[in-house]
Amino acid sequence: MAKKFSGAEIENLIQLPATQSTPKEKRPPKPGKSKSTGKARKAGKAKGFDIEADTLPEAIVDAAYHSGDYPYGKRMKRKRYNRELEPLQIELQKLMRWAQKHGERIVVVFEGRDGAGKGGTIARFTQHLNPRQARIVALPKPSDTEKGQWYFQRYAAEMPTAGEIVFFDRSWYNRAGVERVMGFCTPEQTESFLREAPVFEGMLTRGGIRIVKLFLTIGREMQMMRLHARWHDPLKRWKLSPIDFEAIPRFDDYSRAFDEMLGRTSTKDAPWVVVRSNDKLRARLNAIRHVLRAIPYKDKDEAAIGPLDDKVVVSVERYLAKGGEPETA
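Calculation notes
- Residues numbered from 1 in each chain as written.
- Predicted model: local features only at pLDDT ≥ 70, side-chain atom pairs only at ≥ 80, totals over all residues.
- Heavy atoms only, no water.
- Helix = DSSP H or I, 4+ residues; strand = E, 2+ residues; numbered from the N terminus.
- Buried < 20%, exposed > 50% of the residue type's maximum accessible area, 1.4 Å probe, protein only.
- Contact = heavy atoms within 4.5 Å.
- Pairing = 2+ DSSP bridges.
- Salt bridge = Lys/Arg side-chain N within 4 Å of Asp/Glu carboxyl O.

K.L.:
What is the right way to look at the side chain of Arg 113 in this model?
P.N.:
Assignment of secondary structure puts Arg 113 in the loop between strand 3 (105-112) and helix 4 (118-126). The buried category is assigned to Arg 113, whose relative accessible area is 2%. With sequence-adjacent residues up to four places away left out, Arg 113 is seen in contact with Lys 118, Arg 170, Leu 216, Thr 217, Ile 218, Gln 223, Phe 251, Tyr 254, Ser 255, Phe 258, Glu 325 and Pro 326.

In structure tokens, the structure reads:
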């Protein structure tokens, strides 16, 4: 059974400096911390995985790309990716102009595993869009005031105005994933959310908001590789949060939570699609293709968009029928 770590221990872990020449056993405890907090370093370890190790075991590296039963044998070439990305971003410009002209309101929800590439995918969506009309929402944890409000209230306040696209980098679905797995909400609150989320989204769609929901998933070993890479890159370590250090030991808990979330909150008006993201380049291209195909904007160039890869973008029904999120136990 995976060891559980307190928030205080994990917070101590992520505040360690990027480089440290002093041997680990001789590092003094931080001021105000007991020596026992040194055990926090184990938070990044699970079955051979040590986030602080200079290199990962070959078994993890070798298994990473194919983990989670990923269907491709080789990564997409960067040259091909760049060639296919440009026409898709031109189509996004058309979509943006259409939304502005007709006063359309569009919401794109990004959920998924830690390290699955949500931020990078959103960046490719918005790279050439006017930030006044294409807004990214990544809310922090709720304040004391927000905790006392209707759960959906702070998300409702971020909905788009006419002519705007809002990209949610995580959303109200935090309750069905992170909050549930980490014990930040009660089972009763989780159950209430799973009943009410489709109702909330139904209100939005009936009010004229178009909702596209993308769930990005990766295999366990690929998640290990990406979290390890973030830890060792001083320019990316900011992406790591205390929650990320629980992603590996709680991998199966997240799998079960995500499967139920996907099954119970995918509706006709706001369906989920699963984007298999072990290959970031394929995931980005196909996420953009899906959004472009889901919205009926004017002068859509089907040839420029290209075919959607159904090995990468999978309907919830087909995904769950094949077993859903992978489990290690």
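K.L.:
Just checking my understanding: could you explain the side chain of Ser 171 for this structure?
P.N.:
Relative to the helices and strands, Ser 171 is located in the loop between strand 5 (164-169) and helix 7 (178-182). Judged by its relative accessible area of 1%, Ser 171 falls in the buried class. Among all residues touching Ser 171, those that are not within four sequence positions of it are Val 109, Glu 111 and Tyr 155.

K.L.:
What should I look at first to understand the pairing of strand 5 in this one?
P.N.:
Where a strand is regular, its side chains alternate between the two sheet faces. The buried count for strand 5 comes to five of six residues, which makes it a mostly enclosed element. When strand 3 meets strand 5, the two strands line up parallel, connected through six bridges. Bridging across to strand 5, Arg 105 finds its partner in Glu 164. Where strand 4 (residues 134-137) lies against strand 5, four bridges are found, and the strand directions are parallel. Bridge pairing in strand 5 links Val 137 to Phe 168.

K.L.:
Explanation requested: helix 4 in the structure shown.
P.N.:
Since there are 3.6 residues in each turn of an α-helix, residues three or four apart along the chain are aligned in direction. For helix 4, the set of buried residues is Lys 118, Gly 120, Thr 121, Ile 122, Phe 125 and Thr 126. Its buried side turned inward, helix 4 meets helix 3 (78-102), strand 3, strand 4, strand 5, strand 6 (209-217) and helix 11 (280-294).

K.L.:
How do you make sense of the pattern of salt bridges when you look at a structure like this?
P.N.:
Any two side chains of opposite charge can pair if their charged atoms end up close together. Counted according to the given criterion, the structure contains 21 salt bridges. Among the ionic pairs, Glu 84 bridges to Arg 80, the shortest N-O distance being 2.7 Å. In this pair, Glu 84 and Arg 80 both sit in helix 3, four residues apart, roughly one turn of the helix. Given the relative accessible area of 18%, Glu 84 is considered buried. When the shortest N-O distance is used, the salt bridge between Glu 84 and Arg 289 registers 2.7 Å. Taken as a pair, Glu 84 in helix 3 and Arg 289 in helix 11 lie far apart in primary sequence, 205 residues in all. Sharing partners across several salt bridges, the network here consists of Arg 180, Glu 191, Arg 195, Glu 260 and Arg 264.

By themselves, these figures tell us nothing about what the structure is for.
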